[in-house]
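Listed here are the chains, written in short residue letters.
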Amino acid sequence: MPKLHMLGETEGFCRSLVPGALVAERDGVAGFLALEGEEIVALYCRDRGTGVGRALLERAKVGRERLALRAFEANGRARRFYAREGFAEVGGTDGENEEGLPDVLMEWRR
């Protein structure tokens, strides 16, 4: 991904998402998931392979019939993770996002 923002801007953006987010704590903040309605707009985990991402997704699914998110087309690891968690690829763009990179729309339905 191209570097578009300075560290302070990125931290400020993440802080603006966190108040309404689901946060996982394990020796401090281990990850967070930010939702806007049925759309996951951010899922960040401090460490991979710890189960934090899966746990956050499970919490987000509670009481919902549908969730959607976007992953970069080139991010095969994320796409495989979301597929294992029940998300299907249902669309995408050729780069109609801030980064200008192709993305995939993924959706989970109960």
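Definitions and limits used
Residues numbered from 1 in each chain as written. Predicted model: local features only at pLDDT ≥ 70, side-chain atom pairs only at ≥ 80, totals over all residues. Heavy atoms only, no water. Salt bridge = Lys/Arg side-chain N within 4 Å of Asp/Glu carboxyl O. Helix = DSSP H or I, 4+ residues; strand = E, 2+ residues; numbered from the N terminus. Buried < 20%, exposed > 50% of the residue type's maximum accessible area, 1.4 Å probe, protein only. Polar contact = N/O pair within 3.5 Å; in protein donor to acceptor, adjacent residues only side chain to side chain. Contact = heavy atoms within 4.5 Å. Arc of directions from axis to C-beta. Phe/Tyr/Trp six-rings, centres within 6.5 Å; stacked < 30°, edge-to-face > 60°.

Looking at the pattern of salt bridges
Moving on, step 1. Applying the stated rule across the entire model yields eight salt bridges.
Moving on, step 2. For arginine 66, the salt bridge goes to glutamate 38, with nearest N and O atoms at 3.1 Å. In this pair, arginine 66 sits in strand E4 (residues 66–72) while glutamate 38 sits in the loop between strand E2 (29–36) and strand E3 (39–45), placing the two residues 28 residues apart along the sequence.
Moving on, step 3. Between glutamate 65 and arginine 110 there is a salt bridge, with the nearest N and O atoms lying 3.8 Å from each other. Within this pair, whereas glutamate 65 is found in the loop between helix H2 (52–61) and E4, its partner arginine 110 is found in the segment after strand E6 (103–109), the two being separated by 45 residues in sequence. Both residues of the pair, glutamate 65 and arginine 110, count as exposed.

Considering the side chain of glutamate 107
Moving on, step 1. Take glutamate 107: it is sitting in strand E6.
Moving on, step 2. A distance of 2.7 Å separates polar atoms of two side chains, one belonging to glutamate 107 and the other to arginine 66.
Moving on, step 3. The contacts of glutamate 107, once residues within four sequence positions are left out, are Arg66, Leu67, Ala68, Gly86, Phe87, Ala88 and Val90.

So, helix H3 (residues 76–84)
Moving on, step 1. Of the residues making up H3, those classed as buried are Ala78, Phe81 and Tyr82. Looking straight down H3, one finds its buried side chains confined to an arc of 95 degrees; they lie on one side. Among the exposed residues of H3, those oriented more than 90 degrees off its buried face are Arg80 and Arg84.
Moving on, step 2. Check the buried side of H3 and you find it contacts E3, H2, E4 and E6.
Moving on, step 3. Of the residues trailing H3, glycine 86 is marked for its positive phi of about 95 degrees.

Some remarks on H2
Moving on, step 1. Every buried residue of H2 is accounted for by Val52, Gly53, Leu56, Leu57, Ala60 and Lys61.
Moving on, step 2. Just downstream of H2, glycine 63 is the residue with a positive phi angle, here 75 degrees.

Quick notes on the packing of aromatic side chains
What describes a pair of aromatic rings is the distance from one ring centre to the other and the angle between the planes of the rings.
Moving on, step 1. Within the structure shown, the criterion is met by three aromatic pairs.
Moving on, step 2. With 5.7 Å between their ring centres and 65 degrees between their planes, tyrosine 82 and phenylalanine 87 make a pair best called edge-to-face.
Moving on, step 3. Accessibility expressed as a relative area gives 9% for tyrosine 82, which makes it buried.
Moving on, step 4. For phenylalanine 87, a relative accessible area of 4% translates into the label buried.
Moving on, step 5. Taken together through their ring pairs, the aromatic side chains of Phe81, Tyr82 and Phe87 make up a single cluster.

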